[in-house]
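# Structure assessment
In case you want the letters, here they are:
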Amino acid sequence: MGNKQTIFTAQQLDAYQDCTYFTRKEILRLFYRYRDLAPQLVPLDYTNHPDVKLPYELIGSMPELKDNPFRQRIAEVFSEDGQGNMTLNDFLDMFSVLSEMAPRDLKAYYAFKIYDFNDDDFICKSDLEKTLNKLTRNELTEDEVRMVCEKVIDEADLDNDGRLSLEDFQHMIVRAPDFLRYRNSDT
Amino acid sequence: MTSSSSGGVFNPAYHDSETLEVDRRDKRSWTHHTNPYAGEDPAWWAERDDAEPGASSGGWRGGESFSMGLFSTSSGTNSWQHDANPHTPDSSSHYRSAAGLPSLMTGGMTMRWRGMAMRGMSMFPNADPTHAALAEDAIRSEVENEEQNLIKELIALSAGEQTRKIQELPQSFGEKKNIRRQVMAFKSSTNSHHFLCCTDCCRNMSLSFRRCGNGIKSARQTLKLWRGIMKEIGGRFGSSVLTYFLFLKWLLMFNIFSFLVNFGFITIPLLVHDLSANIPSNVSFRGLELLTGAGYFNYTVMYYGGYSNETLHGLVDYNMQLAYFFTIAVYMVLCGIVLIFSMASSFKKNYVLSDPASSRAWQLLCSWDFSLTNERAVRQRKNNLRVQLKESLSERAEKESITLSKELKQVGIHVGSWFLSTCLAVGCGASIFYLCQYGEEQAMDTAPWSLLQEAETLLVPFVVSLMNIVIPLFFSLFNKFERYSTHRRQIYALLIRNVLLRMSILGVLCYHWMNVVPQKYSCWEPMVGQALYRLVIIDFLFLMLGSFFGEFLSNVIGTKLQPRLGVPEFDVARNVLELVYAQTLAWIGIYFSPLLPAIQMLKFFILFYIKKVSLTRNCQPPRRSGRAAQMQTIFIFLLFFPFFVGALSIVAYTAWSLTPSEQCGPFQGLNNTFSVVSIWIHDLEAIPTSDWVVWIYQNVIRSELFYFLLTLIIIAIIYIFWQLTQGRKELINLLRQRIINVSLF
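Residues numbered from 1 in each chain as written. Chains lettered and ligands numbered in written order. Predicted model: local features only at pLDDT ≥ 70, side-chain atom pairs only at ≥ 80, totals over all residues. Heavy atoms only, no water.

To be explicit about the condition: UniProt positions are given in the numbering used here, feature names are shortened, and annotations may be inferred rather than shown by experiment.
An unreviewed UniProt entry lists chain B under the name Transmembrane channel-like protein, with Nothobranchius furzeri given as the organism. In the Subcellular location (unreviewed entry) part of its UniProt record, chain B is described as follows: "Membrane".

As named in an unreviewed UniProt entry, chain A is Calcium and integrin binding family member 3, taken from Nothobranchius furzeri.

Structure, rendered in structure tokens:
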């Protein structure tokens, strides 16, 4: 295999291939996508591990994410600083989990984190209300919002503590075969 | 306005706009301290608490297990309860204490492990520096412990398993790299103890193997057919429309396999043996053959008649009869097995495990289609979700308001539509029957046919395809008058009626081919093959026309002439049924025309592109989001039963009961096709080493006792599995009750 690229060392590429679900070509392609967001910030040589973070605004403007109602949460969950500013590692990690090769359990874990807006490791009522906001945009009345959230917690909460833990969520995902079936990422 | 729930009346959680600044302001809590650029500003706490009074109440229950599953808190069943008001000085001071511990937050700890650390902190509400330091040490050592356990676990696995496990870890990239590095360091150090000279060599070899494997993986991905187009369609139209294209690709694979098998085992030996086709001198190629399949094609290897019944003597003795019979039989059996397996696995995934009781939760949390990247599609999906939520909230109110007279009227309308649909289907069948009879009276057995006579044979396929296009429009019309409780029932009713129509037409045609054609023609199998060829080609032409009229014209009408109708949607159910029908024709035709799969392959290939272009130009994303997974199960089920089973029965009936034609084809002169096998077994009896084959044939395949015993055993196994399932269902209920009981304490 011709190692004609000089962006990463061979060990780095091996590490990327072992820790994500991407092949060598896809990793390079994603690197170029990352670089295209801010060519002046991202160096072409990653062999000495430069510390480059792209701000959230650039990540959120990518065509795959720009129309996704959860793009901000996705960026926050995968970024190291929790603010949506992503290094190349975070970027690759995000697309690896979003790609079709990642197993459903892993995606369910991250989906739980995405829906957990206040980061307390439970999906409580306010998280559900925020999710509903992202998905319906202020078009439901207060009563409807309350009823929907109550119903959701009634149906999915197994241990009756009034909010959804990861286990409750995973239990629901197992019985929802459509979930994240065709989640795409453009590599 | 009362404040009832923790969300409150004025619900800031619901009404937050999506602008970055507003969202970010709310998000800034002490939990985001991993950001080395941000200062630890206690002033943030007040801001955050004002914004979300309800949210924080969830975060302070100690003693819950951590979301990551890798850690279990040693604080046990700490029932320290946070009181309802988060604004107490206790909590604010303990936010500050957390702020004073940057050491815990750097290095390998990212926000994903932060939650555990914070829970650990919550054990010590009174912020005290020494206590805080102790807590920090305890947590850090616990984290390292867990990491060591994980590494030990990983070392015990093989290299491939290791990679897979590392890929599946729900941790950030830096942590995964760290773990991987430690695992590899450990491995190389253990290796160096044993084989000092071979470490380098072994390491390089394993590295190159892995790189090779990765290269093969990436090469395989580029070979996947139509991958880019599928992604584009899924992104613009959602996954329910994508199921149609995936189904098309799957059927194409069937045909490719069939073509390779048939061509390889039946046609190539014949071509190799005898390159010159024995075409009579008075027949030449006229363009009409492409449509009718008769004439010049009749004498080629396209049809059954072109194959000889002799044993070809070449490098090996090749028995054409056995080859023909076994190739077709093995292919059909393999198809059946593949269909049964995919149906069973699809059923298991999509029906058995899914629970209809959690529909609301499913709608909110699981129904969002993350593959959508088109803004219009996203907007429509949101509208869709809103409408569905409103509908499900209001359906309870509707149920009570239906009176008896209305219900009777509904039932009457249902009965009427079903009666009319059945009449239409039967009527179509009868008219095809009379049309076929008329066609037979006109046709003659002797070749050659004049141009007009050949063109007349196109009448039946033309009428069949016309009916297949027009009658479903009537069914959709009936559907509009009926009211169904769910959208899914509506689709199922429409599907059943369409299936009924096509089955009746196919049934009549098959009856005609099995009963009337053999009596009339001396060489009847090629005639059936030609009829099927014509059906396939005309069906293809009508599919193309259907795309044009169905989608292009609807688009024009919907946008320019009658804007009220709107842009058409892609009707997945109808299109899938057309695919299934086309595949059935190919399956019936395999026996009579072994190269029909080649035509089918071409047809599906071109159809993919036509449908894709028509979809992207003329259609909008679907307004109702169906449950794509369950629809796919239904499609596979439809494919298998009744269509595949019907095709298999026709072929089996032909092979078992009908007399092959005397003058052409590989089975000339035999009583029925299956006697090929008995003749072969009879020949094998003379050879002493193949006694076991003869024994199997006589005692297993031809004996009724064997099948009787097999059926009994299968029934017993089914009963046992059924009881097992019942037992497991009870167990699930018991466990669910236990979870609730445990959490109450």
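## Focus: the overall build of chain B
To keep things clear, this is the line we draw: Each helix corresponds to a stretch of at least 4 residues labelled H or I by DSSP, and each strand to a stretch of at least 2 residues labelled E; elements are numbered beginning at the N terminus. For the exposure calls, accessible area comes from a 1.4 Å probe over protein chains only, and a residue counts as buried if that area is under 20% of its type's maximum, exposed if over 50%, partly exposed in between. Contacts were defined at the residue level, with two residues in contact if any of their heavy atoms lie within 4.5 Å. Accessibility throughout is a Shrake-Rupley quantity obtained with a 1.4 Å probe, and a residue counts as covered only by protein chains that appear here.
Scanning chain B from terminus to terminus reveals 27 helices and two strands. A burial count over chain B gives 44% of its 745 residues as buried. In chain B, the proportion of contacts linking residues at least 24 apart, taken out of those at least 6 apart, comes to 75%. For chain B, the exposed area adds up to about 38,800 Å²; of that, 65% sits on carbon and sulfur atoms.

## Section: the overall build of chain A
What counts, and what does not: In this tally Asp and Glu are treated as negative and Lys and Arg as positive; neither His nor the chain ends contributes. A charge is said to be at NZ when it belongs to Lys, at CZ for Arg, at CG for Asp and at CD for Glu.
Helices and strands together make up the secondary structure of chain A, namely 10 helices and zero strands. Helices and strands appear in chain A in the N-to-C order α-α-α-α-α-α-α-α-α-α. Overall size of chain A, expressed as C-alpha extent along the three principal axes, is 60 × 30 × 25 Å. Taking all 187 residues of chain A together, 68% fall into the buried category. When the accessible surface of chain A is split by element, carbon and sulfur atoms take 49% of a total near 6,300 Å². Counting 23 positive and 36 negative side-chain charges, chain A places the centres of these two groups 6 Å from one another.

## Remarks on the UniProt feature "domain: EF-hand" (unreviewed entry) in chain A
Under the UniProt annotation, "domain: EF-hand" (unreviewed entry) lies at residues 103–138 and 144–179 of chain A. Taken end to end, residues 103–138 of chain A is 67% helix and 0% strand, and its two terminal C-alpha atoms sit 34 Å from one another.

## So, the state of the cysteines
Residue and element names in this part refer to chain B. Defined as follows: Throughout, disulfides are identified as pairs of cysteine sulfur atoms within 2.5 Å of each other.
Applying the stated criterion across every chain, the model contains one disulfide over all chains. Each disulfide pairs two cysteine sulfurs, and for Cys523 the partner residue is Cys664, the sulfurs being separated by 1.5 Å. Disulfide Cys523 to Cys664: torsion about the S-S bond roughly 125°, handedness right-handed. Note that Cys523 is positioned in the loop between helix H20 (487–520) and helix H21 (524–561) and Cys664 in the loop between helix H24 (628–657) and helix H25 (675–684), a separation of 141 residues in sequence.

## Some points on the packing of helix H7 (residues 104–115) of chain A against helix H10 (residues 166–174) of chain A
Residues and elements named next belong to chain A. How we decide: Here the axes come from fitting lines to C-alpha atoms, over the contacting stretch only for helices, and the angles between their N-to-C directions go from 0 to 180 degrees. Roughly parallel covers angles under 35 degrees, roughly antiparallel covers those over 145, roughly perpendicular covers 65 to 115, and oblique covers all other angles. Note on convention: the crossing is left-handed when the near helix lies turned anticlockwise from the far helix by less than a right angle, right-handed when the turn is clockwise. The residue classification treats Ala, Val, Leu, Ile, Met, Phe, Trp, Tyr, Cys and Pro as nonpolar and Asp, Glu, Lys and Arg as charged. All others, Gly included, are polar.
Their axes nearest at 10 Å, the elements H7 and H10 cross at an angle of 125°. Viewed along their axes, H7 and H10 adopt a mutual orientation that is oblique. Both H7 and H10 take part in a crossing whose hand is right-handed. Where H7 approaches H10, its residues Arg104, Ala108, Tyr109, Ala111, Phe112 and Tyr115 are matched on the opposing element by Leu166, Phe169, Ile173 and Val174. For the contact of H7 with H10, the residue count by class is nine nonpolar, no polar and one charged.

## A few points about the packing of aromatic side chains
Residues and elements named next belong to chain B. We count it as follows: Here is the rule: rings of Phe, Tyr and Trp (six-membered ring for Trp) pair when centre to centre is within 6.5 Å. Planes less than 30 degrees apart are stacked, more than 60 are edge-to-face, and the remainder are tilted. We count a charge as sitting over a ring when the NZ of a lysine or the CZ of an arginine lies within 6 Å of the ring centre and within 35 degrees of the ring normal.
Under the counting rule described, the total for this entry stands at 49 aromatic pairs over all chains. Put simply, the rings of Trp226, Tyr244, Phe245, Phe570, Phe605, Phe608 and Tyr609 pair up and form one aromatic cluster. Over the ring of Trp418 we find Arg497; its NZ or CZ atom is 4.4 Å from the centre of that ring.

## A short note on the nonpolar core
Keep this limit in mind: Buried Ala, Val, Leu, Ile, Met, Phe, Trp, Tyr and Cys residues form a nonpolar core when they are joined through side-chain atoms within 4.5 Å.
Phe247, Leu509, Trp513, Leu532 and Trp587 of chain B are the most contacted members of the largest nonpolar core, which totals 113 residues. At 14 residues, helix H22 (residues 572–592) of chain B tops the list of elements feeding residues into this core. Beyond its immediate sequence surroundings of up to four residues, Leu509 of chain B is in contact with Ile432, Cys436, Val460, Val464 and Leu535 of chain B. Counting 75 residues, the second largest nonpolar core, distinct from the first, contains Ala38, Phe70, Met94 and Phe112 of chain A.

## Here we look at a nonpolar patch on the surface
All names here are of chain B. Definition in use: Each patch is assembled from residues with relative accessible area greater than 30% and no salt bridge, linking like charges that lie within 9 Å and nonpolar side chains (Val, Leu, Ile, Met, Phe, Trp, Tyr) that lie within 5 Å. Any carboxyl oxygen of Asp or Glu within 4 Å of a side-chain nitrogen of Lys or Arg constitutes a salt bridge here.
Residues Trp692, Trp695, Ile696, Ile701, Phe706, Tyr707, Leu710, Ile714 and Ile718 make up a contiguous nonpolar surface patch of about 920 Å² in total accessible area. Residue contributions to the nonpolar patch peak at five residues, all from helix H27 (residues 704–744). Tracing the sequence through the fold places Tyr707 in helix H27.

## A short note on the environment of Phe254 of chain B
Residues and elements named next belong to chain B. Locating Phe254 in the fold gives a position in helix H12 (residues 239–273). Sequence separation between Phe254 and Cys335 is 81 residues, and the spatial gap between their C-alpha atoms is 7.7 Å. In this structure Phe254 touches Tyr331, Cys335, Val338, Leu339 and Trp587, once residues within four positions along its chain are discounted.

## So, unusual backbone geometry
Looking along the chain, the bond that leaves Phe641 of chain B and enters Pro642 of chain B is cis, with omega of 25°. Mapped onto the elements of the fold, Pro642 of chain B is located in helix H24. The backbone phi angle of His49 of chain A is positive, close to 50°, even though this residue is not glycine. Tracing the backbone through its elements, the reader meets His49 of chain A in the loop between helix H2 (24–37) and helix H3 (56–60). The exposure class of His49 of chain A is exposed, given its relative accessible area of 53%. Positive phi values are uncommon outside glycine, yet Asp121 of chain A reaches one of about 65°. The residue Asp121 of chain A is located in the loop between H7 and helix H8 (125–136) in this model. Look at Asp121 of chain A and you get buried, because its relative accessible area is 9%.

## Structural notes on helix H9 (residues 142–156) of chain A
Inclusion rule: Multiplying one less than the number of residues by 1.5 Å gives the expected span of a helix.
A rise of 1.5 Å per residue sets the reference length of H9 of chain A, with its 15 residues, at 21 Å; its end C-alpha atoms lie 21 Å apart and thus fit the reference within 8%. The set of residues buried in H9 of chain A consists of Glu144, Val145, Val148, Cys149, Val152, Ile153, Glu155 and Ala156 of chain A.

## Observations concerning the pattern of salt bridges
Summed over all chains, the structure comprises 17 salt bridges over all chains. Between Asp18 of chain A and Arg180 of chain B there is a salt bridge, with its nearest N and O atoms 2.9 Å apart. Placement of Asp18 of chain A in helix H1 (residues 10–19) and of Arg180 of chain B in helix H9 (residues 173–194) is noted, with the two residues assigned to different chains. Taken as a pair, Asp18 of chain A and Arg180 of chain B share a single burial class, namely buried. A salt bridge links Lys66 of chain A to Asp67 of chain A; the shortest N-O distance between them is 3.7 Å. The exposure class of Asp67 of chain A is buried, given its relative accessible area of 14%. Overlapping salt bridges bring together Lys125, Asp143, Arg146 and Glu150 of chain A as one network.

## Re the confidence of the model for chain B
All names here are of chain B. Going by this rule: Confidence per residue, as judged by the predictor, is encoded in pLDDT with a range of 0 to 100.
Per-residue pLDDT for chain B averages 75, and the proportion of residues at 70 or more is 74%. pLDDT under 50 marks residues 1–9. Its contacts with residues more than four places away, or in other chains, come to 11 contacts. Between residues 16–127, whose pLDDT stays under 50, and residues either more than four places distant or in other chains, the model counts 190 contacts. On the interface metric, ipTM, the complex scores 0.80, and its pTM is 0.74.

## Thoughts on helix H5 (residues 71–78) of chain A
Most of H5 of chain A is tucked away: seven of the eight residues are buried. Within the span of H5 of chain A, buried status applies to Gln72, Arg73, Ile74, Ala75, Glu76, Val77 and Phe78 of chain A.

## Here we look at the side chain of Ser703 of chain B
Residue and element names in this part refer to chain B. What counts, and what does not: As used in this structure description, the phrase polar contact means that two N or O atoms lie within 3.5 Å; if the pair is within protein, one of them must be able to donate a hydrogen and the other to accept it, and residues adjacent in sequence are counted only when both atoms belong to side chains.
If you trace the backbone, Ser703 turns up in the loop between helix H26 (691–701) and H27. Taking relative accessible area as the criterion, Ser703 reaches 17% and is therefore assigned buried. There is a polar contact of 2.8 Å between the side chain of Ser703 and the backbone oxygen of Asn699. Among the polar contacts listed, one links the side chain of Ser703 to the backbone nitrogen of Phe706, at a separation of 3.5 Å.

## So, the environment of Ile679 of chain B
Residue and element names in this part refer to chain B. In this fold, Ile679 is placed in helix H25. Classification of Ile679 as partly exposed rests on a relative accessible area of 40%. Sequence separation between Ile679 and Leu322 is 357 residues, and the spatial gap between their C-alpha atoms is 9.9 Å.

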